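# Fold and geometry: a report
Each chain, written out:
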Protein chains: 2
Amino acid sequence: MENFIYSNPTKIIFGKNTVSRIGKEALKFGKKALIVYGKGSIKKNGVYDTVTDSLRKNGVDFAEHSGVKPNPVLSHVKEGIELFKKEKCDMIIAVGGGSVIDESKAVSCGVFYEGDVWDFFIEKAEIQKAVPILVVLTLPATGSEANSGAVVTNEKTLQKYSIHSYHLFPKVSILDPSTTFSLPIEQTAYGAVDAILHVSEGFFTTKDTDCVITDNYIYGVIKTLINSTERIMKDPKDYNARASFMWSATLALNGQQALGYKGIEFVNHVIEHSLSAIYDIPHGLGLGVVFPGFLKYLISKGEYERILEFGENILGIKNDSRKETALKTVNEIENWFRKLGLKNKLSENSIFEKDFEKITKNAMELGNLWGWSYTEKDVIEILNYQK
Amino acid sequence: MENFIYSNPTKIIFGKNTVSRIGKEALKFGKKALIVYGKGSIKKNGVYDTVTDSLRKNGVDFAEHSGVKPNPVLSHVKEGIELFKKEKCDMIIAVGGGSVIDESKAVSCGVFYEGDVWDFFIEKAEIQKAVPILVVLTLPATGSEANSGAVVTNEKTLQKYSIHSYHLFPKVSILDPSTTFSLPIEQTAYGAVDAILHVSEGFFTTKDTDCVITDNYIYGVIKTLINSTERIMKDPKDYNARASFMWSATLALNGQQALGYKGIEFVNHVIEHSLSAIYDIPHGLGLGVVFPGFLKYLISKGEYERILEFGENILGIKNDSRKETALKTVNEIENWFRKLGLKNKLSENSIFEKDFEKITKNAMELGNLWGWSYTEKDVIEILNYQK
């Protein structure tokens, strides 16, 4: 078990009818907020009204920065930075899912930086300061509501890169599971896959696999995600299933998911970032395509051990033949993804072999920036399994 | 799933050779520390030297308050408060286990309070402020290194009561599993039982049992504690087992162990507090006695459901007869405690039926202060199962 430092200062307010607390919480951080949101679903489900009413009641003024894309883009981040400054805001309130929160985080550190905010993403500059971020989460998936990272796409260079800093932890995140009742079914599916991948990256790539507590933590998170996703598919208004789903998606990437693991690599994320940077496909969908390919790649290398542990402890698969059991485990994962409606072949998502070189080149750039150990050949092999 | 607020600001530094970081961390909180410790085991295992060397190297002066008892007592807390003031310290460094940390917490809020610090324990006053606490943990069990509570015994009134406040979260806790190599075997056993009970109290008393994520979290913690305890019994210097044990004991009472549960009650703790207030027995031992009695009490009431879930998900026990399966589960738990060397009958610990009334009266006072739903008859019944 590897040494680690863990600290997570985000205050979580979780449950029914909690969105209306945002005004009181915001008041602790200033007089004026920039509300950041997406394409307007929060206006349909009533969350926008609840947030703005609560701010007004507590005397917190606000400006609005809307239109955040599912894969948030740099140009829109820059508009947010300018608006924040122009409106002389004190804080950001992100109302939405991971994209909205991530764009908010980029704005929060960008307002203090004289240069191009993209410098933080390409590790040309280090984040020294950020304005306070508060979150009202309406789409559980990315864990951004309680972590220190953010992902943005530079749409000119087709780079989907990330930033990380203690300054980016939200101060307060409000999670009301009933705000997710109206989510389209595919958003729940993408969210489930995203969260499962957040815990799986460390699990499958750690170089120290004798870390029982973190393994068991991960089993608990994934089993809950599978169980609650299936309940939601049957009844989208199953509150307790929505609640367990929402909280496990947070636990899947709040820093606890890889404690004690050694030298972990976000392989599937690197390759997926390339896919969604180039094709703008949903992140969860992209991960659902890449992950089975990565597992088949592991099997081809004879690296079964973690797949067997995954199969036994999460899916209850046990068999005499190791290779057969590993293959069966991967098969079950793929089948489950398909049951959720995910098309997990590249060609089904209009991504074809002729582009594999371009995808690989893009992935290698990010992977190398993050210091990964994979080669072009590895990436091509993973893609080939899913073509 | 019940609404909740969760926030835990403690910074954890975990792993080999981390104790020497204490000086650098302490320097962030002032120039002089009161080091609080127990009967001197930290002088035998080298931790005292590492801590004081590190403080000296970083120019942090210190005074010492030693002799904390395994069930820390009020009179010694008061000595600590006086010493802290006299020595004009800026912070407390607790070096030891839960007792040392809990006494440190009582001192930390007592130094700012003009009245009797016991007022906080009997809810006559509310904690408004506390000096910073840093921890070097050498005995994993209570979770006090990353929570906001503390337990102290008023040895005059024989009350073992607790305090809770956001101000009591340690700022920094250093957890080096190798400092636990030299722990006597019974301390590991007591620690395992204590930590298992921390997650079990909520699990068995929640009035809302549809909370899949927290159930799964708990299964992971308990399975890890069982697995790592057994490994430690075979090889006390199994670092990875010590590490998983240490981290799961923290996760067992850092606030996450009951998120979403409803109306939980610390039944076993209330009764155990009575036992160790009167007889000064180790907390973990007392819990090991009470817990099986509580489970038998639940079975007698026909309340099997959670026991069956515990049996199936943690011990792998499944059977057609519900009652038989529940009894088998309790039996396995008792056997496991005995395998660890715990004497889990009251009489084996020189506690006899003639005192049951006295024990019950003491427990009722604390239980009523905490607003529990149990009666004298319930407590007597639980004790009777273990006489």
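Chains are numbered independently. Their residues run from 1 in the order of the written sequence. As a convention, the first chain written is A and the first ligand written is 1, with the rest following in written order. Local features in this predicted model are restricted to residues whose pLDDT is 70 or higher, and side-chain atom pairs enter the listing and the counts only when it is 80 or higher, whereas totals over whole chains, interfaces and linings include all residues.

## Let's talk about the overall build of chain A
In this description a helix means any DSSP run of H or I spanning at least four residues, a strand means any run of E spanning at least two, and both kinds are numbered starting from the N terminus. The helix and strand tally for chain A stands at 15 helices and 8 strands. Relative to a compact globule of 387 residues, whose C-alpha radius of gyration would be 21 Å, chain A shows 20 Å and is just as compact. The principal-axis extent of the C-alpha atoms belonging to chain A is close to 65 × 45 × 45 Å. Buried, partly exposed and exposed are defined by the number of other C-beta atoms within 10 Å of a residue's own C-beta, namely 20 or more, between the two limits, and 12 or fewer respectively, with C-beta atoms placed from the backbone. Within chain A, buried positions represent 56% of all 387 residues. By the convention adopted here, residues make contact when the C-beta atoms placed from their backbones lie within 7 Å. In chain A, the share of contacts with a sequence separation of at least 24, taken over all contacts with a separation of at least 6, comes to 79%. Within these notes, the globule rule equals 2.2 Å times the number of residues to the 0.38 power, and the radius of gyration is based on C-alpha atoms.

## Let's talk about the relation of the copies chain A and chain B
Two copies of one chain are present, and they are related through a rotation about an axis combined with an axial shift. Copies are brought into register by a least-squares superposition over C-alpha atoms of residues with pLDDT of at least 70 in both. When chain A is fitted to chain B, the residual RMSD is 0.0 Å, and the transformation amounts to a turn of 180° plus an axial shift of 0.0 Å. Read as a symmetry element, the transformation amounts to a two-fold axis. Nearest to the rotation axis, the C-alpha of Pro9(A) is located 2.5 Å from it, this being the minimum over chain A. The share of interface residues of chain A whose copies in chain B are also at the interface is 100%, consistent with both copies meeting through the same surface.

## Remarks on the interface of chain A and chain B
On the side of chain B, 34 residues touch chain A, which itself brings 34 residues to the contact. Looking at the side of chain A that touches chain B, the elements that each hand over two or more residues are β1 (4–14), α8 (212–234) and α9 (239–251) of chain A. Top contributing element to the side of chain A that touches chain B by residue count: α8(A), with 10 residues. All amino acids are sorted into three groups, where Ala, Val, Leu, Ile, Met, Phe, Trp, Tyr, Cys and Pro are nonpolar, Asp, Glu, Lys and Arg are charged, and the leftover types, Gly among them, are polar. Residue classes in the side of chain A that touches chain B are distributed as 16 nonpolar, 13 polar and 5 charged. Note: β1(A) against strand β1 (residues 4–14) of chain B, 7 bridges, orientation antiparallel. Should DSSP find at least two bridges between two strands, the strands are regarded as paired.

## Describing the domain arrangement of chain A
Many descriptions give the size of an interface as the accessible area lost when the pieces come together. Residues and elements named next belong to chain A. Each domain's extent is set by a domain assignment, obtained either automatically or from a database. What the domain assignment reports for chain A is domain 1 (11–179) and domain 2 (184–385). For domain 1 and domain 2, the distance between their C-alpha centres works out to 26 Å. Of the residues lining the interface, 20 residues belong to domain 1; the matching set on domain 2 comes to 29 residues. Split by residue class, the side of domain 1 that touches domain 2 holds 10 nonpolar, 7 polar and 3 charged.

## What to know about the confidence of the model for chain A
A low pLDDT means the predicted coordinates there should not be read in detail. A residue's pLDDT is the confidence the predictor assigns to it, expressed on a 0 to 100 scale. Across chain A, the average pLDDT comes to 97, with 100% of residues at or above 70. Interface confidence in the predicted complex, given as ipTM, is 0.97; pTM for the same model is 0.97.

## Topic: helix α15 (residues 376–385) of chain B
Residue and element names in this part refer to chain B. Among all positions in α15, only Asp378, Val379, Ile382 and Leu383 are buried. Projected onto a plane normal to the axis of α15, the buried residues spread over an arc of 130° and lie on a single side. Where α15 is buried, its residues touch α10 (267–279), α11 (283–300) and α14 (356–369). For this quantity, the arc is that covered by the directions from the helix axis to the C-beta atoms.

## Considering the packing of helix α12 (residues 305–315) of chain B against helix α13 (residues 322–339) of chain B
The relative placement of two packed helices is expressed as an angle between their axes plus a distance between the axes. All names here are of chain B. Every angle, taken between N-to-C directions, lies between 0 and 180 degrees, and every axis is a line fitted to C-alpha atoms, over only the stretch in contact when it is a helix. The N-to-C vectors of α12 and α13 enclose an angle of 60°; their axes lie 9 Å apart at closest approach. With respect to each other, α12 and α13 are oriented oblique. Along this stretch, α12 crosses α13, giving a crossing that reads as left-handed. Here Ile307, Leu308, Phe310, Gly311 and Leu315 of α12 come into contact with α13, specifically with Arg322, Thr325, Ala326, Lys328, Thr329, Val330 and Glu332. Here the residues of the contact of α12 with α13 are counted per class, giving 6 nonpolar, 3 polar and 3 charged. Note that the term roughly parallel is reserved for angles under 35 degrees, roughly antiparallel for angles over 145, roughly perpendicular for angles of 65 to 115, and oblique for everything else. Here a crossing is called left-handed whenever its near helix is offset anticlockwise from the far helix by less than a right angle, and right-handed whenever the offset is clockwise.

## Some points on the environment of Val172(A)
Residues and elements named next belong to chain A. Position of valine 172 relative to the elements: it lies in strand β8 (residues 172–175). Judged by the 25 C-beta atoms lying within 10 Å of it, valine 172 is buried. Linking valine 172 and isoleucine 13, residues 159 residues apart in sequence, is a C-alpha distance of 7.4 Å. The residues touching valine 172, leaving out its near neighbours within four places in the chain, are Lys11, Ile13, Glu25 and Leu134.

## Quick word on α9(A)
To estimate how far a helix should reach, multiply one less than its number of residues by 1.5 Å. Helix length check: α9(A) (13 residues) gives 18 Å between terminal C-alpha atoms against 18 Å at 1.5 Å per residue, within 8%. Those residues of α9(A) lying buried are Ala241(A), Arg242(A), Ala243(A), Ser244(A), Phe245(A), Met246(A), Trp247(A), Ser248(A), Ala249(A), Thr250(A) and Leu251(A). Residues of α9(A) that are buried sit in contact with β1, β8, α7 (185–205) and α8 of chain A together with α8 (212–234) of chain B.

## Re the sheet that holds strand β2 (residues 32–36) of chain A
Taken together, the 12 strands give an open sheet; going across it, the order is β3(A)-β2(A)-β4(A)-β5(A)-β8(A)-β1(A)-β1(B)-β8(B)-β5(B)-β4(B)-β2(B)-β3(B), and neighbouring strands pair in mixed fashion. Single-partner strands in this sheet number two, and they are β3 (61–65) of chain A together with β3 (61–65) of chain B. Ignoring strand direction, the axes of neighbouring strands in this sheet form an average angle of 25°. Pairing geometry for strand β5 (residues 133–137) of chain A and β8(A), over 4 bridges, is parallel. The residue of β8(A) that forms the bridge with Val136(A) is Ile174(A). Along the sheet, helix α3 (residues 47–57) of chain A contacts β2, β3, β4 (91–96) and β5 of chain A; its crossing angle with β4(A), the most-contacted strand, is approximately 155°.

## What to know about unusual backbone geometry
Most peptide bonds are trans, and most residues other than glycine sit at a negative phi. Positive phi, close to 55°, is recorded for Asn17(B), a residue that is not glycine. By secondary structure assignment, the location of Asn17(B) is in the loop between β1 and α1 (22–27).

## Structural notes on the environment of Thr360(A)
Looking at the element boundaries, Thr360(A) is found in helix α14 (residues 356–369). If sequence neighbours within four positions are ignored, Thr360(A) has contacts with Glu376(A), Val379(A) and Ile380(A).

## As for the packing of helix α7 (residues 185–205) of chain B against α10(B)
All names here are of chain B. One can describe the packing of α7 onto α10 by two numbers: an axis separation of 8 Å at closest approach and a directional angle of 125°. By the criterion of interaxial angle, the relationship of α7 to α10 is oblique. Residues Leu197, Glu201 and Thr205 of α7 lie in contact with α10, whose contacting residues are Val267, Asn268 and His269. Residues belonging to the contact of α7 with α10 are distributed by class as follows: 2 nonpolar, 3 polar and 1 charged.

## Some thoughts on the environment of Phe120(B)
Residue and element names in this part refer to chain B. Take phenylalanine 120: it is sitting in helix α6 (residues 118–121). For the pair phenylalanine 120 and glutamate 155, spaced 35 residues apart in sequence, the C-alpha separation works out to 16 Å. Apart from the residues lying within four places of it in its own chain, the contact partners of phenylalanine 120 are Cys109, Ala125, Ile127 and Ile163.

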